[in-house]
Structure formats: structure tokens, C-alpha cells
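Residue-level listing of the chains:
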Number of protein chains: 2
Amino acid sequence: MAGQIDLDRTTVADEIVALLRDRIVRGELTPGAQLSENEIAQQLGVSRTPVREAFIQLREQSLLRILPQRGSFVAPINLGQVEDSYFLRETMEIRIVGLAAKNCKAKNADRLRAIVNRQRTLLDGGSDAAFVKADDAMHRYFSEICGRPRVWKVISDAKVQIDRLRCLNAQDQSTRERIVGDHERIVDAVVGGDADAAVGAMTHHLRHIHKNIERLAQQFPGYMDGQKFPSSRAAEARAQRVGDMTARRRTADNNQP
Amino acid sequence: MAGQIDLDRTTVADEIVALLRDRIVRGELTPGAQLSENEIAQQLGVSRTPVREAFIQLREQSLLRILPQRGSFVAPINLGQVEDSYFLRETMEIRIVGLAAKNCKAKNADRLRAIVNRQRTLLDGGSDAAFVKADDAMHRYFSEICGRPRVWKVISDAKVQIDRLRCLNAQDQSTRERIVGDHERIVDAVVGGDADAAVGAMTHHLRHIHKNIERLAQQFPGYMDGQKFPSSRAAEARAQRVGDMTARRRTADNNQP
DNA sequence: ATAAGTGTACTACCATGCAAGTTAACCGGG
DNA sequence: CCCGGTTAACTTGCATGGTAGTACACTTAT
């Protein structure tokens, strides 16, 4: 039993959730790829129980499809679900940013400036993950400013499906620069207390994201919803080789270690 | 091993989730009540495994608090969370009803009329559960009309915390009549294609609900957030006696049935 | 050669057993 | 009477074993 997983003081199942969720969202595990309880358990050096518990949680997050007695597969990116996620995010964030503009104190303004400044420093050298994290930080902080920190969790959970789509290819430099510019304009309006301008800037920002969603959806039709599951072994085998986690499956030949 | 649980073709764990979720939301299991994996498993005639998997899902829905090696307790009703749930619901439903008014076809109008008519028939004889179900049906259908059926799931999940609060005492007749009246005004506006009127009526309707929330929160302070968990055995014992599910715990005296 | 039948290797599901940790009651000494 | 130490009965977390069901490959009959 190795100590491959040791981050903080949560259960093993929760750590596996975080691990697999990250791999699925980042696209390392692609839609349709098969994940077996046994296999994950062996690779992580734990028993099947916490893995199974993690699978159930991922299913509830619409990231995994569990077919009883057949297998567990990374869920396809449901385009309708992506659209609904965007709808929810847009609706909530637009209202939130308007409220934030009316409630922004001096301390909030300082923090907002710091957040976007940090994001700008990440423009060149920063990794994609760090940039995304800084991106989220601003949106999340608006939720805090208007006194509703838990609302961000709902938005964030819905946003996962959007993030999966976005992670299909890395953002180019011009896109990242536009994002930071958008953020700076939004923060300017919020700090200035101009709710209408804030809502307008946020709307503009999110619409750009929506355009990207549509482009990516057309670019990667294979990962989208229509895909059937148990059939089409060829497609699954192709998907499996993307991540090393599902690289080789055991066969009758190499049963013993 | 009895066949106490047999509804449809899902896993045992999922049925336990539905069962316990219902008991918690309806207030049969009150905040602070202890639920042990062993006890539930025995009462349902299943092993601890599916019960445990159900507990984890309920934890993710903020309905259960699992303290490792200590116990699992029905979560208190977090007032901040209730407020955030209301905020989300209000924001989403107001936008949705405006869109529904613009998109309402003749077929939708007929179904809306049918839904409120049915709710009115339930005004006198109907059970509380049936009335609530009919209530939800209208709100859910608005989500369908504007082509975003999945958004209702998010609203509904958030609404659980509000429902817990509401179920603390049954609605009196005048409240139910006011609700149906509200619904009829909303439907009138939507069917008439008047988005502004629909938004106004929905806002009015939801504000009433919010007033009720505040009243109930003051009425039942014991179920609210501040409650500590492992301490105050007296409060827990009191809570336990509410539902027969947790009526008597085994002690050293009555081990055998 | 094609189609139906059979076996085998997988899958997720659930039952059970053990371990680590917490709590509360009990008991003896101050 | 009050306080500290011990023990016993709980709790959840994790490991493991057995079972029903599925799918694929092989065999056999047509």
C-alpha cells in the first residue's frame, strides 16, 4: 500500500474525486474513455471501495456515466447541458456584478485590483492552470462582495462543463490578452460604482466566451453528446490511449504481477 | 434480507438517497438528529455499503454532516445558505419567466392552464405533498418553455434548503389560496405574452415566499445554523424522538431484539 | 460461409470483516 | 464530593469476497 495520495486531511474517496475530476476537466481523460474501479484502485494503491464512492460523486457531477454491470465511462460533453450552464452563469453573474458595483468598498476595490494585476503578470509566463485560477478568482470575488459566497459554488459546478469544452485546446495569447482586458474594464466599472457599465462589460465578456463555446463544439464533434457508449470499441480504444491512466488494460495473459 | 425497498430499476443506494432525502426535507428527520450507517442498514434490511454511499450523496447535497469516527447528523438549516438559495432561485426564475412569456406557444398555454387548474383542485382536499408537487410543476414548466429544462434541476437542488424550512409547519389554507392566486396571475401574464407583467407577478410571488422564510427562521431558531454537533446530547435526544426511524438507539441494556 | 450457441473474462453491486478513532460511563483515589 | 484513568460500546473509513449481469470470442451446426 503506497502513499501515493496524501494532500490534506480528507478521506481517500474525496481525494480521488479531486484527482479524477481534474483529469476529466483538463481533458486528459476524454469523453467515452472507460474507467474501471479495479484499475483505478490498483493504480492508486487503494481498495475498490473509495474508488467506487468517488465514481458515484463524479456521476452526480455529470462527469461520469456508470452503466451497471457494464462499465464506467467519462461522460460526453452534452451540448445542451453546456448551453444551460452558460445560461445559468450569465444570468447569475450579470446580476452579481451589478450588485457588486453598488456594494464595492475600498477594501474590495484594492483586492480586485490585485487580482487582475496578478492575472496580467501571468499573461506571459504563467501556466494555463494558473491563468484559469486567477480568472476564476475575480468572478468568485464578485460573489463575495455582494455577500453571497456560496452562489459561486453553484456557478462553478455548472461551469465545469464549460471548462471541459474550453480545455480541449489551449487558449492562444491574443485570447488571454483580451480576457485580461475584459476583466480590467469590468473591475474599472465595479470600482467606480457604475452598475450599468459593469453589467455591460460583463455581458460583453461572457458573450465572447459563448462564441468560443460554439466554435469548440463544432471543432470537436466526437466528444459531444450523440456518442453511444458500449458500442464502437474502436472509438473507446482511441480515447483510452490519451491518458496514461487508462493506457493498457489487463488481459488473460498478464494476470499476475 | 427482506424486500422492503423495491421501486424501480435503480441501485439500492439511490433509493436510500431518495428515501432519506424525503424524510429530511419533510422534517421527519430534524436537524441534529443522528443517523448511523448500521442502524439505517438494519432497518432497511441491507448492508452498510449502499447506506454509506447514500450518506455521501446526501452530504454533497448539504443535507447531512458526516464527522469521521463520530457520527452522521442531519445538517442544520444554514440561514446563509437559505438566503443564497433564494437569491439564486429569484434571479433565475425571474429571467426564465420573462423568456417564457416571449416564447409561450398555444400548446404551452394550454398546459400551463391545466397545471394551475389542477393545483386549484388540490386546494381543499389535496395533501401537502401533492400541493407542493403541483406548485413545482408550474415553475419547472417555465424552464421547459424557454428550452432550458436542466436549469430547473439546479434551482430545485438549491430549493431543497428552502423546502426544509417551509416544511417545518404546514401551510394554512389562506397561504395556499394566495399561492394559487399568484400562480394564476403569473400564468395570465405569460400566456398573454406580457413579459414585464410576468416578471412583476413572479417577483411579487417570490417575495412572499421570502417573507415566509424570515418568519419561519425566527420561529425555529433551534434548527438553524449555530447548533454544535457532538455536544448537547439533550438536544439530539429530543430531535431523535421526532422520527420513528431514530426513535430508540441500542444501549447496553437492550441489545437483542 | 453464415448463424446460432457456449464459455470466459470482464463489469458494477452489495455483504462482510477489520481497523482507527471518539465518546461516555464506570471506578478508584484524592 | 470531585477528579483522573480505564474500559467498553459505539462511530466511520477502508479492504476484501462473492454474485448477478454484460459483452466479446470461440465453437458448432446449418
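Our subject is the structure that appears above.
### Quick look at the side chain of R89 of chain A
All names here are of chain A. Relative to the helices and strands, R89 resides in helix α4 (residues 79–103). Accessibility expressed as a relative area gives 6% for R89, which makes it buried. In contact with R89, other than residues within four places in its own chain, are I94, H139, I155, K159, L206 and I209.

### Some words on the sheet that holds strand β3 (residues 71–74) of chain B
All names here are of chain B. Ordered by their spatial adjacency, three strands build an open sheet running β1-β3-β2, and the pairing between neighbours is antiparallel. Each edge of the open sheet is held by one strand with a lone partner, namely β1 (34–35) and β2 (64–67). As paired strands, β2 and β3 are joined by four bridges and run antiparallel to one another. Of the residues in β3, the one forming a bridge with L64 is V74.

### A look at the pairing of β3 of chain B
All names here are of chain B. Neither face of β3 is open: one carries G71 and F73, the other S72 and V74, and all of them are buried. Pairing between β1 and β3: two bridges, direction antiparallel. Of the residues in β3, the one forming a bridge with Q34 is F73. With antiparallel pairing between neighbouring strands as the criterion, β2 and β3 make up a hairpin whose turn holds three residues, including Q69 at a positive phi of roughly 60 degrees.

### Points about helix α3 (residues 48–60) of chain A
Relative to the 18 Å expected for 13 residues at 1.5 Å per residue, α3 of chain A spans 19 Å between its end C-alpha atoms, a close match to the ideal helical length. Buried residues of α3 of chain A: P50, V51, E53, A54, F55, I56, Q57 and L58 of chain A, and no others. Buried residues belonging to α3 of chain A abut α1 (12–25), β1 (34–35), α2 (37–44), β2 (64–67) and β3 (71–74) of chain A together with α3 (48–60) of chain B. Capping the start of α3 of chain A is the job of one residue whose side-chain oxygen sits 3.1 Å from the backbone nitrogen of T49 of chain A: S47 of chain A. Directly after α3 of chain A, the chain includes S62 of chain A, whose backbone phi takes a positive value near 60 degrees.

The rules we used
Residues numbered from 1 in each chain as written. Chains lettered and ligands numbered in written order. Predicted model: local features only at pLDDT ≥ 70, side-chain atom pairs only at ≥ 80, totals over all residues. Heavy atoms only, no water. Helix = DSSP H or I, 4+ residues; strand = E, 2+ residues; numbered from the N terminus. Buried < 20%, exposed > 50% of the residue type's maximum accessible area, 1.4 Å probe, protein only. Contact = heavy atoms within 4.5 Å. Pairing = 2+ DSSP bridges. Expected span 1.5 Å × (residues − 1). Polar contact = N/O pair within 3.5 Å; in protein donor to acceptor, adjacent residues only side chain to side chain.

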